[in-house]
Amino acid sequence: MLLTGIFEVIFSKPLPSEASEEIAKLVEFLNRDYLKRGTRRPEDAATITEYNIESNVIRMQIASGTKVRLDEASLRIKNVLANSLGSRYRIGIRKLTLRDVKIILDTKISISLKLPFIRGVTEVNGKTVIELSELHEDDLKKPIFLRLLQLIEEKEKRAKWGGKAEHWMLLKASDLKIQKPIVIDPNKVLEEIGWMKRMSIGQWLYTPPLTHLLNALKRLFLDEVVKPLGFQEATFPKMYPLEVGLKTGHLKGVINSIVFASLPKSYDLSEFEELIDSMYVLNSVEPEDLQKYLKPSSYFLCFAQCEPFYWFFENEILDNDALPIKWFDMSGPSFRWEAGGIHGIERVIEFHRIEIVWLGKPEQVIEIRNKLLERYEYFMDRVLDLEWRMAWVTPWFYEQSGVVQEEVRSINIDVPGTIDFEAWLPYRGSREDNRNWLEIGNISIHGTKFTEPFRIKHNKGEVLWTGCSGFGSERWLIALLAQKGFNIDEWPKKFLEYVKTSPFPQSIMTVSYPKTREGKELLSKIISKLVW
Ligand code: ATP
Ligand code: ZN
Ligand code: MG
């Protein structure tokens with residue numbers, strides 16, 4: 001990336017002719033030293049490539065990299081000129097202008113022309129040239145330039161990933177445990193036997209028997225993994241102000257999957273009279289009509305479930321005694337618009353998750369992740385006896401170098417990144433095909449991705465990191481049922497023990513429900529073994 005521009009300094013009066021020698025020396029000093037400070041590679045720094053003096057104006061052509069950027073270079077030049085010329089010739093700086101600014105990129109990217117300061121974007125020989133409008137001293141002091149370059153860098157990184165959200169590398173896999181794969185989709189069975197009913201797209205009601213199974217699995221996970229490691233339960237809100245999503249990055253990264261919430265425009269019921277009348281008479285409500293009574297969305301619904309954790313520690317200063325902090329939340333659902341990908345309760349709009357979160361120094365955060373990893377493996381392998389695998393997935397925004405590690409043995413997992421846990425779903429097809437595996441959970445360490453924007457600080461200035469891990473209850477249960485089926489003799493002993501801690505709830509069987517005769521018969525068969 002190359003930045004070029006013309007920096008114009010207007011002085012309060014014409015520069016005396018003696019000044020030109022002095023200015024030549026200053027330019028030499030700037031190019032050799034001051035504009036290179038803080039960079040290792042010369043191409044990251046700035047250089048004055050040409051300049052001229054005309055009465056009370058100095059114009060400098062500057063070229064820069066991304067470390068000492070054009071804006072930073074301009075301010076450094078201004079300081080040098082003001083200090084040296086100001087006192088000697090009793091001359092002040094009246095105006096600074098950076099014009100003809102061009103950002104030249106080696107890749108093709110598109111960028112909104114509606115952004116402030118962007119005048120035009122052109123493409124020349126595979127390079128993108130972004131032209132900015134004139135910038136003045138106040139603009140140069142704002143981080144606009146920095147943020148614009150961050151936006152461009154992210155767009156370039158995304159483009160390099162080729163549209164993929166993440167790169168996947170196998171870390172470890174269980175033995176091949178399943179000899180006779182079950183070919184029935186447990187989602188279909190659960191619906192057919194009436195244990196769950198779809199309310200709307202990607203949203204279900206779980207009746208007591210299914211709730212009982214989900215709860216047993218969650219309790220087992222808490223007892224085997226979460227509590228032995230000392231995590232304590234907290235209760236997080238499930239509707240977040242937009243600013244929180246701006247800081248976590250979710251609004252920029254996954255806005256297409258977020259469900260938003262709006263407040264009514266008024267609390268005065270009489271203001272809704274027209275809408276209410278129309279509902280009485282027409283017995284319907286049109287979303288377009290409703291929208292007129294609502295404020296624009298100012299919240300988004302729980303997406304990652306760990307957002308409130310970072311928000312809570314915003315601007316707080318932590319000392320060693322307080323660290324590490326280890327919490328979990330299971331107080332409510334998460335919401336995601338999954339468009340066409342919805343299937344049964346594997347991929348839903350409203351799902352339930354135990355979200356584990358931690359905060360500490362890097363070595364603490366890594367150690368906690370490692371212990372969790374060990375317990376997760378034990379849980380998948382021994383407790384639930386699943387056929388599983390885990391993979392290192394690098395989301396595009398963690399990739400620093402742009403070079404993707406392909407060799408599994410060389411992966412260093414003690415850096416920010418994510419480990420996914422996956423289970424084979426035999427009903428979908430062979431285990432050789434990646435599409436037949438389901439992500440059931442994951443663990444991430446984020447580095448300073450959240451501690452930086454939320455300014456979470458250590459009292460001795462040490463770096464703080466965070467980590468989180470999501471256990472999607474529906475997905476774990478589907479994985480278990482897909483591999484073990486509905487015959488409880490095949491269920492893992494420990495799980496059955498938890499299912500049996502209280503009487504199995506009654507299944508709903510009415511004249512019209514479950515819907516089909518096959519469903520009713522299947523239900524009778526399944527529950528015949530579930531009564532104790
Ligand atoms: P996928 O790649 O399958 O969409 P993801 O990478 O979006 O998963 P994460 O954002 O890592 O998932 O969420 C953490 C966990 O939350 C997942 O491992 C899964 O257990 C659960 N989860 C995520 N999205 C859904 C969904 N739409 N329905 C049910 N569970 C989900
Ligand atoms: Zn999280
Ligand atoms: Mg997803």
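Quick caveat: nothing in here was measured; it's all calculated off a predicted structure.

Let's talk about the confidence of the model for the protein
Here is step 1 of the chain: Averaged over all residues, the pLDDT of the protein equals 93, while 96% of them reach at least 70.
Here is step 2 of the chain: Note that pLDDT drops below 50 for residues 400-408; the model gives that stretch nine contacts with residues more than four away or on any other chain.

With respect to the nonpolar core
Here is step 1 of the chain: One finds W195, I356, F379, L384, W476 and F495 to be the most contacted residues of the largest nonpolar core, which totals 72 residues.
Here is step 2 of the chain: Looking at this core, the element that brings in the most residues is helix α6 (residues 208-226), giving 10 residues.
Here is step 3 of the chain: Apart from residues no more than four positions distant in its own chain, W476 is found in contact with L217, Y376, F379, M380, L384, L386, I440, G441 and F471.
Here is step 4 of the chain: Residues F11, A46, Y89 and L132 belong to the second largest nonpolar core, which totals 43 residues.

Concerning the coordination of the zinc ion (ligand 2)
Here is step 1 of the chain: Ligation of the zinc ion (ligand 2) by protein atoms is provided by C306 (SG), E355 (OE) and C468 (SG), these donors lying 2.2 to 2.3 Å from the ion.
Here is step 2 of the chain: Look at where the donors of the zinc ion (ligand 2) fall in the sequence and you get C-x48-E-x112-C. Highlighted residues: C306 in the loop between β14 (299-301) and α11 (307-312) and C468 in strand β24 (residues 465-472), separated in sequence by 162 residues.
Here is step 3 of the chain: A relative accessible area of 3% places C306 in the buried class.

Some words on unusual backbone geometry
Here is step 1 of the chain: A cis amide bond links L323 with the next residue in sequence, P324, at an omega value of -5°.
Here is step 2 of the chain: Relative to the elements of secondary structure, P324 occurs in the loop between β15 (317-318) and β16 (325-329).
Here is step 3 of the chain: Residues Y513 and P514 are joined by a peptide bond in cis, for which omega reads -10°.
Here is step 4 of the chain: Here P514 is to be found in the loop between α14 (493-499) and α15 (517-528).
Here is step 5 of the chain: Backbone geometry places D385, a non-glycine residue, at a positive phi of 50°.
Here is step 6 of the chain: Here D385 shows up in the loop between α12 (362-383) and β20 (388-395).

What about the packing of aromatic side chains?
Here is step 1 of the chain: By the definition in use, this model includes 24 aromatic pairs.
Here is step 2 of the chain: Ring centres of Y240 and F300 lie 5.3 Å apart, and the angle between their planes is 80°; this geometry places the pair in the edge-to-face category. Remark: F300 occurs in strand β14 and Y240 occurs in strand β12 (residues 239-241); sequence separation between them is 60 residues.
Here is step 3 of the chain: Owing to a relative accessible area of 0%, F300 belongs among the buried residues under this scheme.
Here is step 4 of the chain: Each member of the aromatic cluster is reached from another via a ring pair, and the members are F236, F309, Y310, F312, F313, W327, F450 and F454.

A word on the pattern of salt bridges
Here is step 1 of the chain: The tally for this structure, following the rule as stated, stands at 38 salt bridges.
Here is step 2 of the chain: Residues E134 and R99 are paired through a salt bridge, measuring 3.1 Å at the closest nitrogen-oxygen approach. Of this pair, E134 sits in the loop between β6 (127-132) and β7 (135-136) while R99 sits in strand β4 (residues 93-105), placing them 35 residues apart in sequence.
Here is step 3 of the chain: Residue R99 is classed as partly exposed on the basis of its relative accessible area of 25%.
Here is step 4 of the chain: Among the ionic contacts, a cluster of salt bridges with common partners joins E8, E54, R59, R99 and E134.

Re the site of ligand 1
Here is step 1 of the chain: Every one of the 13 residues lining ligand 1 counts as a neighbour, but E338, R347, E439, I440 and N442 are closest to it.
Here is step 2 of the chain: One nitrogen or oxygen atom from the main chain of V348 is found 2.9 Å from a nitrogen atom belonging to ligand 1.
Here is step 3 of the chain: With the chains in place, 83% of the 600 Å² that ligand 1 exposes on its own is no longer accessible.
Here is step 4 of the chain: Sorting elements by how many residues they give to the shell around ligand 1 places strand β22 (residues 437-447) first, with four residues.
Here is step 5 of the chain: Looking at side-chain class alone, the shell around ligand 1 contains three nonpolar, three polar and seven charged residues.

So, the packing of α6 against α12
Here is step 1 of the chain: Packing of α6 against α12 leaves a shortest axis separation of 10 Å and a crossing angle of 130°. Between α6 and α12, the crossing angle belongs to the class labelled oblique. Between α6 and α12 the crossing geometry is right-handed. Contact residues: L217, L220, F221, E224 and V225 in α6; L372, R375, Y376, Y378, F379 and V383 in α12.
Here is step 2 of the chain: For the contact of α6 with α12, the class distribution of residues is nine nonpolar, no polar and two charged.

A word on the pairing of β16
Here is step 1 of the chain: Two strands pair when backbone bridges link them, and strand β11 (residues 232-234) and β16 are joined in this way by three bridges, in the parallel orientation. Note on β16: the bridge partner recorded for E233 is F328.
Here is step 2 of the chain: Looking at chain direction, β16 and strand β19 (residues 353-360) are connected through five bridges and run antiparallel. Opposite I325, over in β19, you have L359 as the bridge partner.

Section: the state of the cysteines
Note: disulfide means a covalent bond formed between the sulfur atoms of two cysteine side chains.
Here is step 1 of the chain: Scanning the model with the defined rule gives zero disulfides in all.
Here is step 2 of the chain: Sulfur of C302: no disulfide; nearest cysteine sulfur belongs to C306 and is 8.5 Å away.

The rules behind these values
- Residues numbered from 1 in each chain as written.
- Chains lettered and ligands numbered in written order.
- Predicted model: local features only at pLDDT ≥ 70, side-chain atom pairs only at ≥ 80, totals over all residues.
- Heavy atoms only, no water.
- pLDDT = per-residue confidence, 0-100.
- Contact = heavy atoms within 4.5 Å.
- Core = buried A, V, L, I, M, F, W, Y, C linked by side-chain atoms within 4.5 Å.
- Buried < 20%, exposed > 50% of the residue type's maximum accessible area, 1.4 Å probe, protein only.
- Helix = DSSP H or I, 4+ residues; strand = E, 2+ residues; numbered from the N terminus.
- Donors = N, O, S within 2.8 Å, 3.2 Å for Na, K, Ca; no water.
- Phe/Tyr/Trp six-rings, centres within 6.5 Å; stacked < 30°, edge-to-face > 60°.
- Salt bridge = Lys/Arg side-chain N within 4 Å of Asp/Glu carboxyl O.
- Near = heavy atom within 4 Å.
- Polar contact = N/O pair within 3.5 Å; in protein donor to acceptor, adjacent residues only side chain to side chain.
- Areas by Shrake-Rupley, 256 points an atom, 1.4 Å probe, with all protein chains shown as cover.
- Nonpolar A, V, L, I, M, F, W, Y, C, P; charged D, E, K, R; others polar.
- Axes fitted to C-alpha atoms, helices over the stretch in contact; angles between N-to-C directions.
- Parallel < 35°, antiparallel > 145°, perpendicular 65-115°, else oblique.
- Left-handed = near helix turned anticlockwise from the far one by under 90°.
- Pairing = 2+ DSSP bridges.
- Disulfide = S-S within 2.5 Å.

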